[in-house]
Amino acid sequence: GLLLVALLVSHMLLTKEGVTSLPICPNGSVNCQLSLEELFDRAVKLSHYIHFLSSEMFNEFDERYAQGRGFIAKAVNSCHTASLTTPEDKEQAQQIHHEDLLNLILGVLRSWNDPLVHLASEVQRMKEAPETILWKAVEIEEQNKRLLEGMEKIVGRVQSGVVENDIYTPWDGLPSLQLADEDSRLFAFYNLLHCLRRDSHKIDNYLKVLKCRLIHDNNC
Amino acid sequence: MDLQHLLFVLALICANDSLSASDDLLQWPQISKCRSPEMETFSCFWTAGNFYNLTVPRILQLLYKKSNEEDWKECPDYITSGQNSCYFNASYTSVWTPYCVQLASKNEVYDKKCFSVDEIVLPDPPVHLNWTLLNTSQTGIHGDIQLKPRLSTVVPLYSLKMARDYEIRIRSRQRTSEKFGEFSEILYVSFSQIGIVCDHCTEEVEFPWFLVVVFGVCGLAVTVISIMLSKQPRIKMLIFPPVPVPKIKGIDPDLLKKGKLDEVNSILACHDNYKTQLYSDDLWVEFIELDIEDPDEKNRASDTDRLLSEDHLKSHGCLGAKDDDSGRASCCEPDIPETDFSASDTCDATSDSDQFKKATEKEEDLLCLDRQDNDEPLPNLANTDPQRQHRNTQSENSHLWAPFGDSVESPRPSVHTQISNQNSLTSTDFYAQVSDITPAGRVVLSPGQKSKLGRAQREGCTEQNFTMDNTYFCEADVKKCIAVTSHEENEPRVPEQGYNEDGYFTTESLTTTVANLGASTAAPPSSELPVADYTSIHIVQSPQGLVLNATALPVPDKEFNVSCGYVSTDQLNKIMP
């Protein structure tokens, strides 16, 4: 009875937004390989989940700390990934070569690795940070790593030959997250969370377009 | 119901229109909203306001600018989205790029908004709704259907009642957004249309909430009443515990109701703070009254005799207070004579007084007379003395306690036995007699009445050496002198000279008395043993009392005059260990 309850609970927890248990390779098989479709399914689910979490986190932060501070007016959004030229609409996403798009996705994901680690640690120092924001920051960082691994696998499958991937933007926003002035520090957080929400949305859309294009031949 | 609702809405709309028409407030032109239905195009809408006159054509422009551009550009399409709108088609739309739009005329900027397209997504309502039946329940009462709008995902609806018809409409939103789009058109679902008829489906009866509430309240009321009226105390105590009544330890509330004042006083006297009130000096003044003397009382035996003999111990109807133990059990031990003077509790005094009352030779008639006259139960000790005094002033020859102190409490039983033993031969009155009471309330003492034999055989006073070093003369000495000289008379000769307003012998009066008496014949001294006419001071308590001891004081020094009952402070200090 207890085992059943445990299984049920774990199933319920896993069937939250975008994270369902997908079939895995049985143990012991040597040539087990997930199909590209399965890889894309997982990737899309992960990217969708990451965007959902970052969107919620931004809304909570906005509600809790940013009210009445006029951040929106100031947020011209100088994200650190702005230097990467990414497709700006559906048409452009459909026109770009899938390998280039995959590399872009990888580049963006890699660029966010470092900021997410620091975000998770710095958020804990915020004054009376709600438990939900703390938890989400940690979760996003973890899921982003998993998505990066998945994307590298996909790229390895899709691309033939070795691809030089130097798409990467370093992040130098750590000092701004540690400013003594509370207003400046909170604006730095606001900006970072806004950029995270935007970039996770981009990646989610790119992957869905890619999936539709590569798996379903544009018949979505 | 629907008609009423419709009429109400119409009325509201009419009122709103009339209000807005008559509204003369200036309204600036402002951008109401910008919206993207599918994240490929977007539109912005604005309100013109009533700023301008209607004759002058309004020249409003919507300018936009991307974040990475410098110049403001004008809206590419004012028409497609309707009046007061600007439509941006796919070529002008960059999804994740921040835009700013502003509403302006030639010289003025009225409103400005900044956004990015992915933030303003509001899907269009689904169109072309269609439904299909998925499955039905085994009883045939419920069924599941599935809605399929065009260009949208499938929407299932579960557990619809087959016997009913439904109106359904749908709206959608972006998953990461909270805002919904507009509702779609109404879809009518009727199961009878597709030929499914439920024969055994009946109108369901709603749960009778009203009846449940009414019966529940009635039942509860009946239960409460039955518990309250129940004879079983345990249930009653459990649910309605009794409220504690205020209670003072040791006091019976019934006692207070009956109004037995002396018993209540005795009980309350257990508490120390009440004690002081009992022995205020004013009591003496209150109870000393002039009264008509009763000649019959002259013929009575000396009070002292009555006090001394112990034959009338048995209970008489009037004697003694009935010790019914009301309320005193908590603090007093009744009927135990206390000779321990350290116990200053007046309860002891009270019990002792009762004991004493029983043992005394107080005339029954006198006591009863007290009772009848006073019409109250036996007073306690503090009242006893003045009361007796009150009674005894009726007779000039009556004998009274000399007011040595306010309380002559506990030693009396033992005292008077000793005294009685000593005086069995002499049967002498050894207390001063109150001959008169001045109007001021003071007591005038006079030598005691010699009603017994042997008094004349007392020591002559000529051989007495009056110790002049004491302030006071012993009354015993004086009395002896007087008794010798005036042995045949009942009335003393001294009193005329001995009168003083303060009622006590002063040295002057005594000296005169002594001088007068000194000339009298000197009778041979009595061979009798010297009698301790007055009790000596055993312990000097507080100003409220002197404890008297009948035994003669030991004579450690020759300087000490043993015949004098009074002891000065210095002598007392020598005597006491």
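You'll find the structure just up there.
Anyway, here's the lowdown on the structure attached to this text.

The rules behind each value
Residues numbered from 1 in each chain as written. Chains lettered and ligands numbered in written order. Predicted model: local features only at pLDDT ≥ 70, side-chain atom pairs only at ≥ 80, totals over all residues. Heavy atoms only, no water. Helix = DSSP H or I, 4+ residues; strand = E, 2+ residues; numbered from the N terminus. Buried < 20%, exposed > 50% of the residue type's maximum accessible area, 1.4 Å probe, protein only. Contact = heavy atoms within 4.5 Å. Areas by Shrake-Rupley, 256 points an atom, 1.4 Å probe, with all protein chains shown as cover. Salt bridge = Lys/Arg side-chain N within 4 Å of Asp/Glu carboxyl O. Pairing = 2+ DSSP bridges. Axes fitted to C-alpha atoms, helices over the stretch in contact; angles between N-to-C directions. Expected span 1.5 Å × (residues − 1). Buried area = accessible area lost by both parts, 1.4 Å probe. Patch = residues over 30% accessible without salt bridge, like charges linked within 9 Å, V, L, I, M, F, W, Y side chains within 5 Å.

1. Quick notes on the overall build of chain B
Here's step 1: Looking only at helices and strands, chain B features 16 helices and 16 strands.
Here's step 2: Looking at chain B residue by residue over its 577 residues, the buried ones come to 39%.
Here's step 3: Expressed as a percentage of contacts within chain B between residues at least 6 apart in sequence, the contacts between residues at least 24 apart total 59%.
Here's step 4: Accessible area for chain B stands at about 35100 Å²; split by element, carbon and sulfur atoms hold 55% of it.

2. What to know about the pattern of salt bridges
Here's step 1: What the rule picks out here adds up to 10 salt bridges over all chains.
Here's step 2: B:Glu119 is paired through a salt bridge with A:Arg197; the nearest N and O atoms lie 2.9 Å apart. One end of the pair, B:Glu119, is in the loop between strand 7 (109–116) and strand 8 (131–136); the other, A:Arg197, is in helix 8 (residues 182–214), on a second chain.
Here's step 3: Take B:Glu119: its relative accessible area is 35%, and that puts it in the partly exposed class.

3. Some words on the sheet that holds strand 10 (residues 155–161) of chain B
Residue and element names in this part refer to chain B.
Here's step 1: Read from one edge of the open sheet, 3 strands run 8-9-10, paired in antiparallel fashion. Edge positions in the sheet fall to strand 8 and strand 10, since each has one partner strand and no second. Going from strand to strand, the sheet's axes swing by 30 degrees on average, the running direction of each strand aside.
Here's step 2: Where strand 9 (residues 142–147) meets strand 10, 5 bridges bridge the pair, whose relative direction is antiparallel. Across the sheet, residue Gln146 finds its bridge partner in strand 10, namely Pro156.

4. Observations concerning helix 8 of chain A
Here's step 1: Its 33 residues place the ends of helix 8 of chain A 47 Å apart at the C-alpha level, agreeing with the 48 Å of an ideal helix rising 1.5 Å per residue.
Here's step 2: Counting buried positions along helix 8 of chain A gives 27 out of 33 residues, so the element sits mostly inside the fold.

5. Quick word on unusual backbone geometry
Residues and elements named next belong to chain B.
Here's step 1: For His128, which is not a glycine, the phi torsion comes out positive at approximately 55 degrees.
Here's step 2: Turning to its location among the elements, His128 is positioned in the loop between strand 7 and strand 8.
Here's step 3: Residues other than glycine seldom take positive phi values, yet Ser159 does so here, at roughly 60 degrees.
Here's step 4: You can see Ser159 is positioned in strand 10.

6. So, the interface of chain A and chain B
Often, the extent of an interface is quoted as the loss of accessible area upon association of its parts.
Here's step 1: Taken together, the contact pairs 18 residues of chain A with 14 residues of chain B.
Here's step 2: Between chain A and chain B, roughly 1400 Å² of surface is buried when both sides are summed, and carbon and sulfur atoms account for 52% of that area.
Here's step 3: Sorting the residues of chain A by area buried against chain B places A:Glu88, A:Arg198 and A:His201 first, and these three jointly supply 34% of that buried surface.
Here's step 4: Where chain A touches chain B, the interface holds 2 salt bridges.

7. Side note on a nonpolar patch on the surface
Residue and element names in this part refer to chain B.
Here's step 1: A cluster of nonpolar side chains, contributed by Leu220, Val224, Ile225, Met228, Leu229, Ile235, Leu238, Ile239 and Phe240, occupies part of the molecular surface with about 890 Å² of accessible area.
Here's step 2: Every element with two or more residues in the nonpolar patch is listed here: helix 2 (209–228) and helix 3 (233–239).
Here's step 3: At 4 residues, the largest contribution of residues to the nonpolar patch is made by helix 2.
Here's step 4: Locating Ile225 in the fold gives a position in helix 2.
Here's step 5: Judged by relative accessible area, which is 48%, Ile225 ranks as partly exposed.

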